Protein chains: 4
Amino acid sequence: MAVPTKSSSAVAGKGGGDKREQIMDAALALFVERGFYGTTVPEIADRAVVGAGTIYRYFESKDALVNAIYRAEKMRFGRLVLDAFPVASPTREQFRLLWMRMARFATETPDSFVFLELHHHARYLDAESRTVEARMLDLFIHFIANAQSRGELKAGSPRLLIGMVMGAFVGVIRNCVELEQPPGDADWKLAEQCMWEAVRS
Amino acid sequence: MAVPTKSSSAVAGKGGGDKREQIMDAALALFVERGFYGTTVPEIADRAVVGAGTIYRYFESKDALVNAIYRAEKMRFGRLVLDAFPVASPTREQFRLLWMRMARFATETPDSFVFLELHHHARYLDAESRTVEARMLDLFIHFIANAQSRGELKAGSPRLLIGMVMGAFVGVIRNCVELEQPPGDADWKLAEQCMWEAVRS
Amino acid sequence: MAVPTKSSSAVAGKGGGDKREQIMDAALALFVERGFYGTTVPEIADRAVVGAGTIYRYFESKDALVNAIYRAEKMRFGRLVLDAFPVASPTREQFRLLWMRMARFATETPDSFVFLELHHHARYLDAESRTVEARMLDLFIHFIANAQSRGELKAGSPRLLIGMVMGAFVGVIRNCVELEQPPGDADWKLAEQCMWEAVRS
Amino acid sequence: MAVPTKSSSAVAGKGGGDKREQIMDAALALFVERGFYGTTVPEIADRAVVGAGTIYRYFESKDALVNAIYRAEKMRFGRLVLDAFPVASPTREQFRLLWMRMARFATETPDSFVFLELHHHARYLDAESRTVEARMLDLFIHFIANAQSRGELKAGSPRLLIGMVMGAFVGVIRNCVELEQPPGDADWKLAEQCMWEAVRS
DNA sequence: CATGAATGAGTATTCATTCAT
DNA sequence: CATGAATGAATACTCATTCAT
């Protein structure tokens with residue numbers, strides 16, 4: 001019942017061998033490539049180079065696996081974007097930083113970003129996964145509300161502004177995914193400037 | 001193999017007995033509600049009040065059905081947004097009109113909009129469905145490029161700008177879907193103003 | 001959801017074709033031959049000459065199937081043994097009749113009898129199946145108690161006497177099953193006489 | 001392949017550390033509680049406080065384990081019932097003794113008795129286990145035949161009489177198991193008297 | 001044309017057994 | 001000797017699709 005934890009293996013060294021991570025990596029890639037329902041458990045096992053049964057030593061079910069990946073990636077995203085956030089900087093700087101950090105996440109691990117995007121509303125996400133999502137949203141809402149109260153952003157529902165900016169960000173990624181070329185630095189900067197003008201007061 | 005065409009039902013008048021449309025309506029609603037893989041063909045048949053086998057008289061497969069719906073809705077979207085487009089109006093007016101027409105589509109038939117959004121990248125979309133999508137994109141690209149050449153929009157890849165604006169639009173919808181309240185007219189107007197400022201030169 | 005009923009086909013004639021009954025017959029035989037867990041659903045389907053999926057049109061699960069068989073056979077047993085029971089006859093006659101009817105059931109459909117015996121305490125029997133069993137037991141208990149009150153049977157817990165007599169009956173069957181020869185009429189009569197002497201006052 | 005024998009532990013004294021017995025005890029309890037197929041090997045290992053792999057150092061397979069338990073318990077049953085059997089006593093006394101010794105076995109180690117009963121006809125019992133069973137049966141047959149030749153028991157197939165008496169015995173137990181109360185001494189005596197009257201000439 | 005009962009290929013999941021440590 | 005993580009063969013069950021009526 002007690003499933004092996006990730007931490008123990010992080011110490012292991014020896015160059016990998018962490019089955020739990022192997023499985024999550026393989027599953028993430030396949031879910032992005034072929035979708036959740038389009039991916040079979042044996043396929044995940046093959047790609048992770050483990051037996052099919054092994055997956056069930058680490059995850060209760062295929063659903064539990066996708067939820068674990070979702071949470072892990074969402075939290076990694078959160079950490080990358082929010083760690084050591086310059087609370088005192090001007091809003092303009094903060095906006096740029098958020099945007100560029102997100103861009104880095106999306107550029108360095110595009111699979112992860114696409115995965116989070118695709119599974120945002122998936123039926124198989126459980127309550128805890130949705131909570132992770134909700135917590136991050138709250139942080140953004142506070143950020144917006146504060147800036148609005150200083151008169152630096154347009155008035156209006158913070159959620160609306162967030163939806164707009166995040167939507168635009170995703171739109172930029174999608175555009176590049178469809179063109180099958182990674183978005184250049186210039187693209188990210190242009191988009192960032194556009195969206196700042198969209199929300200600034 | 002000779003599948004009944006949609007036109008046959010258009011002739012039927014009185015709106016009764018159009019099985020093809022009944023099936024598509026039922027499927028659209030269920031796909032939005034439970035996803036493509038979460039919906040079984042017999043369920044669609046039940047909701048459409050036809051026999052399960054009947055669906056295969058109108059559509060070659062479940063995949064063909066979802067593609068037919070995608071194309072039909074995408075084209076309806078295109079017509080609603082582009083019909084009688086005021087080619088001569090100022091760009092600002094054109095932008096507002098596009099946005100508001102899209103808003104009307106999304107507000108009047110939210111299921112259709114969500115469906116198009118959710119299935120944008122679905123694996124089961126075939127080449128023809130992607131072509132419908134591509135044609136519409138071309139129209140937008142020309143619109144943007146023209147406006148750019150007149151110096152009214154920011155320079156940059158038209159696809160990038162489209163991705164950004166469409167993404168933001170979707171973000172607004174999603175936000176409201178999550179809050180389970182239809183976006184108000186004020187929301188749409190605010191968002192429209194924001195995004196205009198995002199793209200105008 | 002609404003599963004086809006047995007009655008409709010009983011009328012059908014045409015010499016069989018009743019899938020539900022085919023499945024139950026095949027399953028009964030296999031459960032006796034190889035046990036519940038030793039029988040796979042495809043095996044049942046093969047023997048019943050239906051597709052594996054067809055079984056699930058008639059029974060929710062393998063468990064539901066074994067329960068349905070249990071109930072059907074238990075009730076058939078009850079009917080055969082108790083129908084038109086001569087309430088007014090002397091206890092000795094009643095005892096003989098019960099015993100011989102049970103013997104007929106066990107001789108004519110030995111699989112059914114063995115099945116009921118083997119699955120008496122099976123973990124997969126649900127509440128309803130146990131109720132069928134309990135109701136029949138109640139009838140026997142009343143029969144015993146009445147005879148005891150007339151001083152014709154030994155005093156003592158009716159359940160104990162029933163357990164003893166039924167146990168002895170099963171013992172006779174088992175003995176013959178092990179010898180792989182059907183119990184002769186003389187055997188049944190001898191055993192009946194023995195057990196009467198066991199319980200009479 | 002050279003599996004540790006039971007004797008080695010008999011030497012150990014103090015009763016501690018005897019893994020083979022720990023495993024058999026745990027398995028017996030679980031098999032009775034949840035059935036053979038309802039019990040997993042790791043569960044047995046947990047209950048026996050040994051590693052799952054250890055079980056395979058003492059038993060070739062799960063089947064071999066259940067067979068070993070069956071033989072051991074059957075032989076313990078035989079010893080308890082037949083040791084120092086008073087060959088010269090009157091048949092009535094012998095019958096009473098057999099019955100009461102069986103009752104003691106069933107009362108003192110009900111799990112063992114239920115186990116023997118439940119697995120009497122199990123598919124996974126191998127030839128040797130059946131031989132143990134057969135040998136004991138032979139002893140009983142001789143006992144019966146002798147008594148019959150002295151005219152003390154009813155004529156008829158000894159096996160039939162044995163089946164009847166043993167069946168009745170099991171019926172008494174089952175009755176008490178169902179009522180979830182251990183059979184009282186009075187119950188055992190009543191039943192013994194009944195069954196003696198059943199078989200005596 | 002319409003139907004829906006029947007199908008069986010395909011999937012997630014379990015668990016006896018092995019073997020590197 | 002003992003272990004328990006890893007394995008993969010085996011099994012119950014689902015559902016898109018067909019076809020006899």
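Details of the structure are given in the entry above.
I will try to describe carefully the structure that is included in this document. (Residues numbered from 1 in each chain as written. Chains lettered and ligands numbered in written order. Predicted model: local features only at pLDDT ≥ 70, side-chain atom pairs only at ≥ 80, totals over all residues. Heavy atoms only, no water.)

## A word on the overall build of chain A
Convention followed: Runs of E in the DSSP output that reach at least two residues are strands. Runs of H or I that reach at least four are helices, and both are numbered from the N terminus. Partly exposed describes any residue whose relative accessible area lies between the buried limit of under 20% and the exposed limit of over 50%, with all areas from a 1.4 Å probe on protein chains only and scaled to the type maximum. By definition, residues are in contact when any of their heavy atoms lie within 4.5 Å. Residue-level accessible areas treat just the shown protein chains as cover; the underlying method is Shrake-Rupley with a 1.4 Å probe. Charge counting treats Lys and Arg as positive and Asp and Glu as negative, with His and both chain ends excluded. Here the site of a charge means NZ on Lys, CZ on Arg, CG on Asp, or CD on Glu.
Along the backbone of chain A there are 10 helices and 0 strands. Order of helices (α) and strands (β) in chain A, N terminus to C terminus: α-α-α-α-α-α-α-α-α-α. Across its three principal axes, chain A shows a C-alpha extent of roughly 55 × 35 × 35 Å. Looking at chain A residue by residue over its 201 residues, the buried ones come to 48%. Considering only intrachain contacts with a sequence separation of at least 6, the fraction spanning at least 24 residues in chain A is 66%. If you sum the accessible surface of chain A, you get close to 10000 Å²; carbon and sulfur atoms cover 56% of it. Positive and negative charge centroids in chain A, built from 25 and 25 side chains respectively, lie 3 Å apart.

## Comments concerning the pattern of salt bridges
Applicable threshold: Definition used for salt bridges: Asp or Glu carboxyl oxygen within 4 Å of a side-chain nitrogen of Lys or Arg.
Applying the stated criterion across every chain, the model contains 49 salt bridges over all chains. Between Glu73(B) and Arg76(B) there is a salt bridge, and its shortest N-O distance comes to 3.0 Å. With Glu73(B) and Arg76(B) both in helix H5 (residues 62-82), this residue pair falls 3 residues apart, about one helical turn. Assessed through its relative accessible area of 13%, Glu73(B) is described here as buried. In the salt-bridge network here, residues are joined through shared partners; they are Glu33(A), Arg34(A), Glu43(A) and Arg47(A).

## Points about helix H7 (residues 110-118) of chain C
Of all the positions in H7(C), only Ser112(C), Phe113(C), Phe115(C), Leu116(C) and Glu117(C) are classed as buried. Contact partners of the buried residues in H7(C): helix H2 (19-34), helix H5 (62-82), helix H6 (91-108) and helix H9 (158-179) of chain C together with helix H9 (158-179) of chain D.

## Some words on the packing of helix H6 (residues 91-108) of chain D against helix H10 (residues 185-199) of chain D
Residue and element names in this part refer to chain D. As a reminder of what qualifies: Orientation is described by lines fitted to C-alpha atoms, with helices fitted over the stretch in contact, and by angles between N-to-C directions that extend from 0 to 180 degrees. Should an angle fall under 35 degrees it is called roughly parallel, over 145 degrees roughly antiparallel, and 65 to 115 degrees roughly perpendicular, with every other angle called oblique. When the near helix sits turned anticlockwise from the far one by under a right angle, the crossing is termed left-handed; a clockwise turn instead gives a right-handed crossing. Residue classes follow a fixed rule: Ala, Val, Leu, Ile, Met, Phe, Trp, Tyr, Cys and Pro count as nonpolar, while Asp, Glu, Lys and Arg count as charged, and any other residue, Gly among them, counts as polar.
Contact geometry of H6 with H10 gives a least axis separation of 10 Å together with a crossing angle of 140°. As summarised for this structure, H6 and H10 are arranged oblique, according to the angle between their axes. H10 is crossed by H6, and the crossing has right-handed handedness. Along its contact with H6, which presents Thr91, Arg92, Phe95, Arg96, Trp99, Met100, Ala103 and Thr107, the element H10 presents Trp188, Lys189, Ala191, Glu192, Gln193, Met195, Trp196 and Val199. Among the residues making up the contact of H6 with H10, the classes are represented as 9 nonpolar, 3 polar and 4 charged.

## Observations regarding the arrangement of the chains
Separated without contact, chain A and chain C have their nearest C-alpha atoms at a distance of 21 Å. Contact between chain B and chain D is absent, and the minimum C-alpha spacing across the pair is 32 Å.

## Quick look at the protein's contact with DNA strand E
In plain terms, the rule: Any residue with a heavy atom lying within 4 Å of a molecule or strand is counted as near it. Under the rule applied, a polar contact is a pair of N or O atoms within 3.5 Å (in protein, one hydrogen donor and one hydrogen acceptor; residues adjacent in sequence only if both atoms are side-chain atoms).
Around DNA strand E sit 32 residues in total, of which Thr54(B), Thr54(C), Arg57(C), Tyr58(C) and Val41(D) are the nearest. Backbone sugar and phosphate groups make up 68% of those atoms of DNA strand E lying within 4 Å of the protein. In this structure, a phosphate oxygen belonging to DNA strand E sits 2.5 Å away from a side-chain N or O atom of Thr54(B). For the surface near DNA strand E, the secondary-structure elements that each account for two or more residues are helix H3 (41-48) and helix H4 (52-58) of chain A, helix H4 (52-58) of chain B, helix H4 (52-58) of chain C together with helix H3 (41-48) and helix H4 (52-58) of chain D.

## A few points about the nonpolar core
Filter applied, for reference: Only buried residues count toward a nonpolar core. Its members are Ala, Val, Leu, Ile, Met, Phe, Trp, Tyr and Cys residues joined through side-chain atoms within 4.5 Å.
Formed by 124 residues in total, the largest nonpolar core has its most connected members in Met195(A) and Met195(B). Not counting residues up to four positions away in its chain, the partners in contact with Met195(A) are Phe95(A), Trp99(A), Met164(A), Val165(A), Ala168(A), Met164(B), Met195(B) and Ala198(B). Counting residues in each nonpolar core, the second largest holds 122 residues, with Phe95(C), Ala147(C), Met164(C) and Ala198(D) among its members.

## Topic: the protein's contact with DNA strand F
Inspection of the region around DNA strand F gives 32 residues, with Thr54(A), Arg57(A), Tyr58(A), Val41(B) and Thr54(D) positioned closest. Restricting attention to atoms of DNA strand F within 4 Å of the protein, one finds that 69% of them are sugar or phosphate atoms. Between DNA strand F and Lys62(B) there is a distance of 2.9 Å, counted from a phosphate oxygen to a backbone nitrogen or oxygen. The separation between a phosphate oxygen of DNA strand F and a polar side-chain atom of Tyr58(D) is 3.4 Å. Elements with a contribution of two residues or more to the surface near DNA strand F: H4 of chain A, helix H3 (41-48) and H4 of chain B, helix H3 (41-48) and H4 of chain C together with H4 of chain D. A per-class count over the surface near DNA strand F returns 12 nonpolar, 14 polar and 6 charged.

## As for the relation of the copies chain A and chain B
Filter applied, for reference: Residues below a pLDDT of 70 in either copy are left out; the C-alpha atoms of the rest, at least 70 in both, set the least-squares superposition of the copies.
With an RMSD of 0.2 Å, the operation that places chain A on chain B is a rotation of 179° combined with a shift of 0.0 Å along the axis. What the rotation and shift describe, once combined, is the action of a two-fold rotation axis.

## Observations regarding the relation of the copies chain C and chain D
When chain C is fitted onto chain D, the two copies agree to an RMSD of 0.2 Å after a turn of 179° and an axial shift of 0.0 Å. Comparing interface residues between copies, 100% of those in chain C also sit at the interface in chain D, which points to an isologous, same-surface contact.

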